[in-house]
Structures are given as structure tokens and as C-alpha cells.
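# Observations on the model geometry
Chain residues, written in single-letter form:
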2 protein chains.
Amino acid sequence: MIRKTRLFTPGPTPLLPAAQFAMAAADMHHRTPEFRALFQRVLAQLKVFVGTQNDVLLLSSSGTGAMEAAVANLTSPGEKVLVLTAGKFGERWRDLAKAYGCEPVVLSAPYGQTFDLADVKKALTPEIKAVLMQASETSTAVNHDVQGVAKLIKEVAPEALLVVDGITGLGTTHFDVDGWGIDVLIGGSQKAVMIPPGLAYLSVSEKAWAAMEKSKNPRYYFDLRKERKNQVKGETAYTPAVALVAGLGAALDYIAGQANGNLEQGRIALVNNAIVNAAATRAGLTALGFTLFAPTSPSAAATAVAVPEGMDSSDVVKALKTRFASVIANGQGEMKGKIFRVAHLGFFDYLDTIAFLGAMEHIAKDTLKLPVEWGQAVAAAQKVYAEAASK
Amino acid sequence: MIRKTRLFTPGPTPLLPAAQFAMAAADMHHRTPEFRALFQRVLAQLKVFVGTQNDVLLLSSSGTGAMEAAVANLTSPGEKVLVLTAGKFGERWRDLAKAYGCEPVVLSAPYGQTFDLADVKKALTPEIKAVLMQASETSTAVNHDVQGVAKLIKEVAPEALLVVDGITGLGTTHFDVDGWGIDVLIGGSQKAVMIPPGLAYLSVSEKAWAAMEKSKNPRYYFDLRKERKNQVKGETAYTPAVALVAGLGAALDYIAGQANGNLEQGRIALVNNAIVNAAATRAGLTALGFTLFAPTSPSAAATAVAVPEGMDSSDVVKALKTRFASVIANGQGEMKGKIFRVAHLGFFDYLDTIAFLGAMEHIAKDTLKLPVEWGQAVAAAQKVYAEAASK
């Protein structure tokens, strides 16, 4: 039987064919007017995609590189930063802060949950220079309340910078970057923007630019001040990943094309697409007998579910790959074997959700020996979709 | 919402990405050792894909070009040919025969049905020079009994040539070309071999080569004798569609790759893939209240169903495109508005079938106002698939 490879993973996500072709065609030198024109166009599109008047810079690195850039440029050794962590990527903020000699004040929530804003408020003491958090914690598929945290910072710690890892949050969450006051918002190429890994992008507020001047950290490749000086002219400080830039332009064109060329509307449609598919998937998997791992604050980027007691999520991951060439993500770290994660961000559509749930019914029945009535997960998703479509 | 374009049409069919990339990379001149090596490799692969020891030739034309080549090379004006027709493509054989001044003896079956072999036997008089038929009549999604007709020819008209349009039959039907005695079997590139239109291929028996010497028809571009002389050396008489040849090679590699590199086994798997997906689709659409248009001899290339009395299949085609960016085929000619057709040939898999049926449930409910219980079409397909997979 033919089995098409299907990525249902929260990064890399399925590649947009138009972006693949643009990448294949990107046979140009990066110190030319052609590249400068492309790069300036993509940076302008990215500002609309992020939804900000702040500068948006592109880095040739993974998202972690942009996280490091934020820490390296905005902090100094010995400073206190508040790290909000509830999973593997929150822990990365803690580790980065430590690597640069900061004193991280760590506010944790258990895996699968988000923080209590009252605790965040208490932790926002005057010494906190920056708050580091995720919009969507990919390892647990939990959504954090960026708007709520931003509001608290304005109230009780207006000097602190808000630095948000939106790597899986961008394109799956509605942000008002400038209205809420997000100083740095970070995205990655292999997520909602439908291209391979290799590029990170981040918006930087004036408040953040000012703070950067005071940082005593060493920085070179990730020196954002140097990048800003170059990128405003369509240049990059170091050799950029040219093909990925071309692919990103094509992907942003596609997203705009979903809303008659209006990229802002296209971004909103993309977020709503993730929200509806996530809700349909939660309904489908719940109908099959799985328990939502993040029932109270689920991310629209991915859905994490726990397999029933005594079962191994690795078996689900393996069977789905073997039987249907479909790839989902296992739990990370101590969650491995206990949960699996299926993504909805980027180039995913409702028919992908239907196909995934149809396949999961076979796996639930044959691999996990759950009582399955054919069509039950699909039916639950269809109800959610039909209701959303009728609005 | 994101809506991925999905072709569920019996040609063009979804493109294999590996073939698209091979086409994009096919930057070569056709009068070079590089092209000759590619072309000879692809011709050798095609022989295995067709399953014959006969010569297989490639033509840069649509499948109709190869149909014309068969008539132009194998008949002479005034000769009698038996045309078995039960749809638009059978009628094309009749029109081609007339265009070349033959006297077609037309044996028709009503649209949606196949011929009675007893009638074929009666029509096989000694004057019949050739029998022209389809393996799969794409316009009605009916399968014809090529093996049965071949057997009759051996019994009662052993001089007659058997010329089969296998354009949607190849890759969806098991043939024994040499064992049954098919003199010409014709395929097209935009069908089971997963690449765009532009190439046709055909196998030619020794009996057909001998008959060709006696034809009095004019022929130039489609002179198969000239092509044979060239193609045996890896050349073509006229400029070949180079990129499509490269794509075809990549697609045949992919089909072989589905069976550990064994192309014959890969072809068998591809046919079985179509058979299972067709059966699952028939079950799903029947569960939704549609009537099979070809209940007794359904093709595995495509499924045709009639919409309930008073409804218009054009509405289904339109709604599926508008709401889900999924393309199916309307009926052709007088069947337009009465039936629709969904394909299973080539680069289709079971999850495509699930996705299609999931979408069709929405269309049946909202567009046709049929009583739909969510998941019912998917469930019927899952039962069929589970039973096939358990064998």
C-alpha cells in the first residue's frame, strides 16, 4: 500500500510546496541588490506577521539561537531574571540565564499546567530585570497567559522587560505585541511559517534596544545591535541562510494569499485554523478514551494526551509511523512513554485532522486494545468543525 | 482556515514530490549520453511496470496520441475493427477508427455497465483485424474484462489484434500482458505513475509489429517503427519531454521503493492499494446514501456514484472545491450533473480516502441535505480497510 509521509509534529511541520520551490530557485549571492530586495521585503512581511511596529530581525539559527540572543543582549551577570517554567522549554530559559551568569528566579508550574498569575505578581520584585517565558510550552502543549503577565509587569514592575518565546506560539495565538508591551517575541522557521529549520526571527522594542546598551555580556554572532544596523539596509552581519529567506517570503505570500493578499488577515486566519483544528483534535482524542494532558490551558500549536495507565505512548508513536507513515511526537524527558503530542501549527488543515483521527482509531483499537467504535473520533471532530464553520 | 489543494481526480493525479524534484533537476540535452542512459533505464523500468517482455515505447503526447498511434500503425482504410464501448473513452476508439477510414463494428454497453462476453464472441467475426477496448473506462468508472476478451480472441479470432487502452487501468488492475496476449497496452503519465500529463507509453507485441508492416495509413510523429529503431538505442525520433522522462524514472523508483526496490512487487502493491482504497470509498459513499454508478464491475481507478434523484452532482463538485479545496470529477457529457467520480490511482493512500470521506460527510449533510450521522462514511471505509489489512 502507498503510505504518504505525514508530519504531525510541532516542528518541523509540513513544508509548503511553494516555499520548497522558492528555496530550490534561490540561486543568488547574498551581497547583491537582488538579495537585499528580497530580504527587505521579507523583514517587512515579518513585521506584519508578528503584528508589531517594533523592529523585527532575522537570524540564521534555530529558535534557541534567538533565545540566547535575547539573554546575551538584555542581561548582565548577577542580574535577577524571572523565569516562568512549566516544561522543557521553560527550563531552557533557566539554563540560558544561568549560562550567562544571571540569577534566575524560577517560578514553576507542574508539567501540563500553567502559572497562577498571583504567584507571578508576587515574584515580580523590583530587582527583576526581565521576565522570560513561553507563549506555548511545546513539551507539554500548554498555553501560557502572555497578556496576563504583560499586564502585571505594567502594574508592578514597569522597568522589567518581557521576553517571550513564541516559537510555537506565533501563528497559533493572537498577540497584540505593542499593545500588551512584549519587548522581545521570538519565532522559528520550522513552525507556523511552514519552512525547514534554520531561521529564527524576533521583534525588539525600543525599551529592549535601550537595555541592550547596558549589557555587559560578550556577544558576537548574536549581537542584535550589529544585526539591526545591517538589516535596516537589507544586509546581514554574517552569511544568511539565503534559500530559507526565499522560502520564508513564499510562505508569507501564501499566508497572505489565504486572505486575498492581506497578510494581517491571513495571520489571523492561520491562528484560527490552528485553534479549530486543536479543538477538533482534543474532541476526537478524548472520544477515543485519551486524557488531555493540559485540560485547563491547552495550546493550539499542539495537543498532548496521556495514554491510559499501564500503556506506553511510544507504542502509539511507533505504530502510527509503521502503519500510516505518520509522525507524531512522544513526550520529552520524563514524559516520554506517558504522553504523545500532535501538532496543528502551520501548513495543516482540517482534512489532515480527519486523516490523523481516522488513523488513530486503528491504533487505539489494534495497538492499545481500547474499545473503539469506527468513526467515533472523527465524528467528535466533525461536530467541533461544523460548529466552528457555522459561525 | 488553511485548505490544502487535494486532487481526487482520475488524471491528473497528485504529483509525487520526488518526481517533481527530478523534473526540476532535469537540465540536460536529449542528444547526449546522459539522456540516453536515463531513457534506457526508464524504458527498462516501464517494461517491468507494464509486466511484459514486449517492447515498450514512450511517446511525448497524451494518452490519446498513443491511441492514435495504435490505430494509425495497425489498421488500413476499409478494415473492420471491433470497438467495445461503454463510455466516452470507448467512443474515442470509435472516432479514431473512423478518422483513419476503418469500419468500426461497435459493441456498446450502457454507461455504468460492461459488455456481455457472449456478445463479444458473436462480434468476433473473421474480418475483424483488431479489437479496441478500455481496461478501465474512466468516464463511468467501469472495469472491463480484458482477460475474458483476450481468451475469446485466442479461441475464435486468433488473427485479430487486441489493443487495450490501459490509461487508467495500468497501476489499478493486475494484467498478464504476455500470458493473455495483449498486443498493445497503453498508459499515460498523469495517471498511476504520479507525474504530470505529457507522456504516453505502450507495449507492442511481435504480432503487432508484423501487422504494422501491412498498414497503408499515413503516419509520421506516431510512426512506431521509427520510434522502435531509435528507442532501442536510447534515442527518440523527435524531441522528447525530457523533464517528464526524468520524473517518470523517479516515480518508478518510488513505486519499486515501496517493495524494497522490487518494481514488479511495487506495481502489485500499487494495484492492491487502488483496489483497497476503491473498496473503502465505495463502502463509505454507499453508507452516505449514494448509489454506485457501476455496481457490478467497478474500476479500482475511480469510483463513480450517482447523486440522489433531483440533486445535481455539480453542486457536490463545487462545494468540495470551495469548502475543502478538494477536486473531484463531474460526470462527462450527458452524465454531467448526475454522477461524480473520485480517483484512487497513483499517489493516493488510505488517509486520503479517510480525509475525502470525512469532507464528503459535510457536503452530503450541508449541500445535499442528506441525513448524515457524523463518521458514518469513515466508519464504513475503516471496516473495509481493517479487514483488508488483517489479511
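Because the structure is predicted, anything quoted here is derived from the model rather than measured.

### With respect to the overall build of chain A
Scanning chain A for helices and strands turns up 14 helices and 15 strands. A globule of 391 residues ought to have a C-alpha radius of gyration of about 21 Å, and chain A, at 21 Å, matches this closely. If you line up chain A on its principal axes, its C-alpha atoms span 60 × 50 × 35 Å. Going through the 391 residues of chain A one by one, you find that 61% of them count as buried. Within chain A, residue pairs in contact and separated by at least 24 positions form 71% of the contacts whose partners lie at least 6 positions apart. Element-wise, carbon and sulfur atoms account for 53% of the exposed surface of chain A, whose accessible area totals about 14300 Å². If you average the places of the 39 positive and of the 36 negative side-chain charges in chain A, the two averages end up 3 Å apart.

### Concerning the UniProt feature "binding site: substrate" (unreviewed entry) in chain A
Residue and element names in this part refer to chain A. In this numbering, the UniProt entry assigns the feature "binding site: substrate" (unreviewed entry) to Arg341. Residues contacting arginine 341, with those up to four places away along its chain left out, are Phe8, Pro10, Thr138, Ser139, Thr303, Ala304, Ile328, Ala329, Asn330, Gly331 and Gln332. Within the local environment of arginine 341, its side chain forms a polar contact with the backbone oxygen of threonine 138, the two atoms lying 2.8 Å apart.

### Some thoughts on the side chain of arginine 267 of chain B
Residue and element names in this part refer to chain B. Topologically, arginine 267 is positioned in helix 11 (residues 263–287). Despite its burial, arginine 267 pairs with no opposite charge, the nearest such side chain being glutamate 264 at 4.1 Å. Contact partners of arginine 267, with chain neighbours within four places excluded, come to Val48, Phe49, Val50, Gly51 and Ile255.

### Re the interface of chain A and chain B
At the interface, 42 residues of chain A touch 42 residues of chain B. Considering only the side of chain A, the residues that lose the most area to chain B are Met1, Ile2 and Leu351 of chain A, jointly responsible for 23% of the buried surface there. Linking chain A with chain B are six salt bridges, by the criterion used here. For arginine 6 of chain B, the salt bridge identified is with aspartate 349 of chain A, shortest N-O distance 2.6 Å.

### Digging into the UniProt feature "modified residue: N6-(pyridoxal phosphate)lysine" (unreviewed entry) in chain A
Residue and element names in this part refer to chain A. Here, UniProt's "modified residue: N6-(pyridoxal phosphate)lysine" (unreviewed entry) annotation points to Lys191. The class for lysine 191 is buried, based on a relative accessible area of 9%. Look past the residues within four positions of lysine 191 in its chain and what remains in contact with it is Pro10, Gly11, Thr13, Ile167, Thr168, Leu345 and Gly346.

### Thoughts on the relation of the copies chain A and chain B
When chain A is brought onto chain B, the operation consists of a screw motion whose angular component is 180 degrees and whose axial shift is 0.0 Å, with 0.0 Å RMSD remaining. Here the copies are linked by what is in effect a two-fold axis. With an isologous cut-off of 70% or more, the 100% of interface residues of chain A that recur at the interface of chain B puts this contact in the isologous class.

### Section: the domain arrangement of chain A
Residues and elements named next belong to chain A. Domain parsing of chain A yields domain 1 (6–12 + 263–389) and domain 2 (17–257). The centre of domain 1, based on its C-alpha atoms, is set 27 Å off from the matching centre of domain 2. Contact residues are listed per partner, giving 32 residues for domain 1 and 31 residues for domain 2. Buried area between domain 1 and domain 2, both sides added, is near 2600 Å², and the carbon and sulfur share of it is 68%.

### Some details on the sheet that holds strand 2 (residues 55–59) of chain B
Each strand in a sheet pairs with another by means of backbone hydrogen bonds, the pair being arranged parallel or else antiparallel. Residues and elements named next belong to chain B. With mixed pairing, seven strands are arranged side by side in an open sheet as 2-10-9-8-5-3-4. Every other strand in the sheet has two partners, leaving strand 2 and strand 4 (103–108) as the edge strands with one partner each. Within this sheet the neighbouring strands show an average axis-to-axis angle of 20 degrees, counted without direction. Packing of helix 4 (residues 88–99) onto the sheet brings it into contact with strand 3 (80–85), strand 4, strand 5 (128–134), strand 8 (161–165) and strand 9 (184–188), and relative to strand 3 it is tilted by some 160 degrees.

### What about the nonpolar core?
Core analysis: the largest hydrophobic core is formed by 74 residues, its most contacted members being Phe290, Phe340 and Phe356 of chain A together with Phe290, Phe340 and Phe356 of chain B. Setting aside residues up to four positions removed in sequence, phenylalanine 290 of chain B forms contacts with Leu285, Val305, Ala306, Val307, Pro308, Phe340, Met360, Leu368 and Leu370 of chain B.

### Observations regarding the layout of surface pockets
When its volume is computed, the largest pocket comes out at roughly 1200 Å³. If you go around the largest pocket, you meet 39 residues; those closest to its centre are Lys4, Pro17 and Phe347 of chain A together with Pro17 and Phe347 of chain B. Of all elements in the fold, only strand 1 (6–7) and helix 1 (17–24) of chain A together with strand 1 (6–7) and helix 1 (17–24) of chain B reach the threshold of two or more residues within the lining of the largest pocket. Broken down by element, the residue count for the lining of the largest pocket peaks at four residues, all from helix 1 of chain A. The class makeup of the residues in the lining of the largest pocket is 24 nonpolar, seven polar and eight charged.

### Some thoughts on the pairing of strand 3 (residues 80–85) of chain A
Residue and element names in this part refer to chain A. Across the six residues of strand 3, five count as buried, placing the element largely inside the fold. As for the winding sense of the linkage, the β-α-β connection from strand 3 through helix 4 (residues 88–99) to strand 4 (residues 103–108) is right-handed. Alignment of strand 3 against strand 5 (residues 128–134), held across four bridges, turns out to be parallel. Each bridged residue has a counterpart across the sheet, and for valine 81 the counterpart in strand 5 is alanine 130.

### Observations regarding the pattern of salt bridges
Taken as a whole and judged by the stated rule, the model has 35 salt bridges over all chains. Residues glutamate 103 of chain A and lysine 80 of chain A are paired through a salt bridge, measuring 4.0 Å at the closest nitrogen-oxygen approach. Of this pair, glutamate 103 of chain A sits in strand 4 while lysine 80 of chain A sits in strand 3, and the two are 23 residues apart along the sequence. By relative accessible area, lysine 80 of chain A is classed as partly exposed at 29%. For the salt bridge of arginine 225 of chain A with aspartate 223 of chain A, the shortest nitrogen-to-oxygen distance reads 3.3 Å. Overall, aspartate 223 of chain A belongs to the buried group, its relative accessible area being 10%. Through salt bridges that share partners, Lys4 and Arg6 of chain A together with Asp349 and Asp352 of chain B make up one connected network.

### Section: the packing of aromatic side chains
All chains considered together, the criterion is met by 25 aromatic pairs over all chains. Ring geometry for tyrosine 350 of chain A versus tyrosine 385 of chain A: centroids 3.6 Å apart, planes at 10 degrees, classification stacked. Linking tyrosine 350 of chain A in helix 13 (residues 350–366) with tyrosine 385 of chain A in helix 14 (residues 376–389), this pair joins segments that are 35 residues apart in sequence. Overall, tyrosine 385 of chain A belongs to the buried group, its relative accessible area being 7%. When the ring centre of phenylalanine 347 of chain A is taken as reference, the NZ or CZ atom of lysine 4 of chain B above it lies at 4.5 Å. The residue whose ring lies beneath lysine 226 of chain B is tyrosine 220 of chain B, and the NZ or CZ to ring-centre distance is 3.8 Å.

### Looking at the packing of helix 10 (residues 242–257) of chain B against helix 11 of chain B
Residues and elements named next belong to chain B. For the pair helix 10 and helix 11, the least separation of the axes is 7 Å and the interaxial angle reads 85 degrees. What the angle tells us is that helix 10 and helix 11 run roughly perpendicular. The residues of helix 11 that touch helix 10, namely those facing Leu252, Ile255 and Ala256, are Leu263, Gly266, Arg267 and Leu270. Of the residues contributing to the contact of helix 10 with helix 11, the split by class is five nonpolar, one polar and one charged.

### Notes on the packing of helix 13 of chain A against helix 13 (residues 350–366) of chain B
Across the interface, helix 13 of chain A lies against helix 13 of chain B with an axial gap of 8 Å and an inter-helix angle of 115 degrees. For the crossing formed where helix 13 of chain A meets helix 13 of chain B, the hand is right-handed. Contacts from Tyr350, Leu351, Ile354, Ala355, Gly358, Ala359 and His362 of chain A of helix 13 of chain A reach helix 13 of chain B at Tyr350, Leu351, Ile354, Ala355, Gly358, Ala359 and His362 of chain B. Looking at the contact of helix 13 of chain A with helix 13 of chain B, its residues break down into ten nonpolar, four polar and no charged.

What counts, and where the lines are drawn
- Residues numbered from 1 in each chain as written.
- Chains lettered and ligands numbered in written order.
- Predicted model: local features only at pLDDT ≥ 70, side-chain atom pairs only at ≥ 80, totals over all residues.
- Heavy atoms only, no water.
- Helix = DSSP H or I, 4+ residues; strand = E, 2+ residues; numbered from the N terminus.
- Rg over C-alpha atoms; globule rule 2.2 N^0.38 Å.
- Buried < 20%, exposed > 50% of the residue type's maximum accessible area, 1.4 Å probe, protein only.
- Contact = heavy atoms within 4.5 Å.
- Areas by Shrake-Rupley, 256 points an atom, 1.4 Å probe, with all protein chains shown as cover.
- Lys, Arg positive; Asp, Glu negative; His and termini not counted.
- Charge placed at Lys NZ, Arg CZ, Asp CG, Glu CD.
- UniProt positions renumbered as here; feature names shortened; annotations may be inferred.
- Polar contact = N/O pair within 3.5 Å; in protein donor to acceptor, adjacent residues only side chain to side chain.
- Salt bridge = Lys/Arg side-chain N within 4 Å of Asp/Glu carboxyl O.
- Buried area = accessible area lost by both parts, 1.4 Å probe.
- Least-squares fit on C-alpha atoms with pLDDT ≥ 70 in both.
- Domains from an automatic or database assignment.
- Pairing = 2+ DSSP bridges.
- Axes fitted to C-alpha atoms, helices over the stretch in contact; angles between N-to-C directions.
- Core = buried A, V, L, I, M, F, W, Y, C linked by side-chain atoms within 4.5 Å.
- 1 Å grid on protein atoms, 1.4 Å probe; cavity = no way out; pocket = protein on both sides within 12 Å on 5 of 7 lines; lining within 4 Å.
- Points joined across faces, edges and corners; volume = space filled by probe spheres on them.
- Nonpolar A, V, L, I, M, F, W, Y, C, P; charged D, E, K, R; others polar.
- Right-handed = clockwise from strand over helix to strand, strands pointing away.
- Phe/Tyr/Trp six-rings, centres within 6.5 Å; stacked < 30°, edge-to-face > 60°.
- Lys NZ or Arg CZ within 6 Å of the ring centre and 35° of its normal.
- Parallel < 35°, antiparallel > 145°, perpendicular 65-115°, else oblique.
- Left-handed = near helix turned anticlockwise from the far one by under 90°.

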